[in-house]
Every structure is written in structure tokens, then in C-alpha cells.
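# Examining the three-dimensional arrangement
Residues per chain are reported as follows:
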Amino acid sequence: MIALIGAPCDAGANTAGSALGPDALRRAGIQYSLQKTGCKVEDLGDLQVELPENDTVVQGYRNFHEVVAWNRAVHLAVASALKDGNVPVLLGGDHSLAMGSISAVSAHCRRVHKALRVVWLDAHADFNTASTSTTGNMHGMPLTALCGQGPPELTQLGGFCPALQASQIRLLGVRSIDPEEHRAVRRAALPIVTMRNIHGRGIVQAMNAALADIDPGTHVHVSFDVDCIDPSVLPGVSTPEEGGLQLNALHYCLARIAQTGCVASVDLVELNPLADPSGESAERAVELLSVLLNPDWERHVQRPFDWAEHAI
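Small disclaimer: the values here were computed from a predicted structure and weren't measured.

Cut-offs used in this document
- Residues numbered from 1 in each chain as written.
- Predicted model: local features only at pLDDT ≥ 70, side-chain atom pairs only at ≥ 80, totals over all residues.
- Heavy atoms only, no water.
- Buried < 20%, exposed > 50% of the residue type's maximum accessible area, 1.4 Å probe, protein only.
- Helix = DSSP H or I, 4+ residues; strand = E, 2+ residues; numbered from the N terminus.
- Pairing = 2+ DSSP bridges.
- Right-handed = clockwise from strand over helix to strand, strands pointing away.
- Core = buried A, V, L, I, M, F, W, Y, C linked by side-chain atoms within 4.5 Å.
- Contact = heavy atoms within 4.5 Å.
- 1 Å grid on protein atoms, 1.4 Å probe; cavity = no way out; pocket = protein on both sides within 12 Å on 5 of 7 lines; lining within 4 Å.
- Points joined across faces, edges and corners; volume = space filled by probe spheres on them.
- Nonpolar A, V, L, I, M, F, W, Y, C, P; charged D, E, K, R; others polar.
- Expected span 1.5 Å × (residues − 1).
- pLDDT = per-residue confidence, 0-100.

The subject of this paragraph is the pairing of strand β5 (residues 169-174). The element β5 is largely enclosed, with a buried count of six among its six residues. Pairing between strand β4 (residues 116-121) and β5: four bridges, direction parallel. Paired with Val 119 across the two strands is Arg 170, which belongs to β5. Tracing the backbone out of β5, into helix α7 (residues 179-188) and back to the parallel element strand β6 (residues 192-194) gives a crossover that is right-handed.

With that out of the way, let us pick up the nonpolar core. Within the largest apolar cluster, 52 residues are counted, with the highest numbers of intra-cluster contacts made by Ile 30, Leu 121, Phe 224, Leu 250, Leu 254, Ile 257 and Leu 289. Apart from residues lying up to four places away in sequence, Phe 224 is in contact with Leu 121, Ile 229, Leu 250, Leu 254, Asp 267, Leu 268, Val 269 and Leu 288. In this structure, Leu 47, Leu 164, Ile 169 and Leu 190 belong to the second largest nonpolar core, which totals 47 residues.

For the second largest pocket, the calculated volume is near 340 Å³. Forming the boundary of the second largest pocket are 22 residues, of which His 124, His 139, Gly 140, Asp 178 and Thr 239 lie nearest the centre. Partitioned by chemical class, the residues of the lining of the second largest pocket number one nonpolar, 14 polar and seven charged.

This part takes up the side chain of His 124. By secondary structure assignment, the location of His 124 is in the loop between β4 and α5 (142-146). Residue contacts for His 124: discarding those within four places in its chain leaves Leu 171, Val 174, Ser 176, Asp 227, Thr 239 and Glu 241.

Right, let's get into helix α3 (residues 64-83). Structural remark: α-helix, 3.6 residues per turn; residues separated by three or four positions point the same way. Taking 1.5 Å of rise per residue, the 20 residues of α3 would be expected to cover 28 Å, and the 28 Å separating its terminal C-alpha atoms lies within 8% of that figure. With respect to burial, α3 is a largely interior element, 14 of its 20 residues being buried. Residue Gly 85 follows α3 closely and has a positive phi angle near 85 degrees.

So, on to the confidence of the model for the chain. Looking at the chain as a whole, the pLDDT averages 92, with 95% of positions reaching at least 70. This stretch, residues 299-312, has a pLDDT under 50; its non-local contacts, to residues over four places away or in other chains, come to 25 contacts.

The next point concerns the pairing of strand β7 (residues 219-225). Counting buried residues in β7 gives seven out of seven residues, a clear majority hidden from the surface. Here β7 shows a buried face lined by His 219, His 221, Ser 223 and Asp 225 and a second buried face lined by Val 220, Val 222 and Phe 224. Sheet analysis places β4 next to β7, joined by six bridges and oriented parallel. Looking at β7, one finds that Trp 120 is bridged to Ser 223. One ladder, built from six bridges, connects β7 with strand β8 (residues 263-269); its direction is parallel. Bridging across to β8, Ser 223 finds its partner in Asp 267.

What follows is the structure in C-alpha cells.
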């Protein structure tokens, strides 16, 4: 069963609005859309978090205590869903929440002796630290913390550090990396497929490479930041970047990930309804999530996928 977990947090971002994402996704019919594909779905509602009255910058990290509080709550909720045998789908909220969700997934995989792969769909590399970030916004830092760099309150959410090795991660759709962050990505040997790579080799070859070594039984966690999509297609995000994936290409990516049969947890983050009051961005995000979590992914698309047709 899919367990929807709302986390209305935008403390990790500099722009307000992603805290409204869970409500917008519900109004766009996320539960009904997933049920239509044959999934059993339970909406667990929004997490309730006791937040500090006045938050400050701590060692360069903005809203540090609030982000920590949200991630602890997310970690516990995702861990509980996994323990019950469910597929947790975190409805964000900003991408800093992935520290809580993925630390819980990593601990679960260690406990049940499963290999873990994280597919990270994003316009940004999210591999900053307080010393490399130009903003101090923690939605640009979750992968670094998961890989063991940062305050122990965030790097040790699962009780061990690091939660992830760089080799377990595949970044897709990246097109904006800060200069110091770029050097950190290279030092860590973080596997990354940029939009430039995708345009050069084509979406089919890019996905073949990204999914090549996922064996049956692997736990695949998909961290889906909707700003991976070109803002002409989905404008409702806090940090839009031109030159992103078009709708057909992203349908293809998500269907290929679904085809592995290994998707066992998901983050759906960075939807900002204030940037698109029409609600169309939320509806598009729901549509795309339904492709990713469709138990019969090929039968339910409008027509059978022609893989070559979606090559860039």
C-alpha cells in the first residue's frame, strides 16, 4: 500500500510556498489518481511538528532548528511506513526533507539487508554545505548531509553516518551547479547525468546508463524535485531553471524507473502553488507520480511507449 505523508515545510528554501505543496497535491486528486492505476492508497495526513519560536542561522545553515525538527518527524514517519510494509510517498515541502526520508530508507535497507539506489531528479545538484552555499538554504544541501558532511543533527538521523555512499546515487536532469559545489561533486565522484549529457547522448542512453545495475530486489528510492521539469511545462516551483526535461521525456524517465519493479519509496517535493495559482502544476505533478507508481505502467499510459520516439 502507498502511504501518503504530508510535510508542509519550506524552511529549507528562501522562497515561501512549497509548504503549500501537500495541500495542492491533495486538491489535484493525488489519492484518486493513484487509486485509478490500481494502487491501494492511504493518506496519513500532514506531520505535526513543534517548531522553535525564533529560528536563526546556525554555523551558516538557515532555519537550522526548524529544518532539523521537520527531518526528525519525516524520518520517524517514513520509518514507520516502511516497517508496516508500505511504500511511503513524502509530499513536500522543500527538498531539505529528503534528509529525513532517505535516512529512514537507508536504515530500513540495512536492517532488511537490501541494496539501495537513490534516483534524484532535480535541476540542482543539492550538494552544497554551509561553506559552499551562497544562500545558506538547506534545500540545496540534502545530498551532502546524506553523504556524511554537515552537522551531526542531520548526518546521523538514522543513527549512523553516512546514510548514503555517492555510488548509490544517480542524479538526473541537473543544469544548475554552484562553482564550489561543482568541485565538491567531482571530489565525491557523484554519478550525475546533466541536461547537457542528456542532449548529447539522448534520453534513452542516459536512462540505460542510470538504471543499468539495478538488480531485482533493490530498494529504489526516487527523490523527485519537480523543478527538474522545464518551467514552460511546470512553472509552479520556487527555483525554476530553463532548459529542463520536457513532459514526454520525463514520462519516459519515470516509466523506465517504474519498469524496474523496484520503486519502494518516493519524495515529491518543491511544488510551489504560489508560483502557479492555476493549479495546473500540481495536476501535472500528480500525473507524473501516477506514471512512476503505476503497478501496470505500460497498460495505463494513453498509448504504448515507443522508447525511441522520446529520445532527445
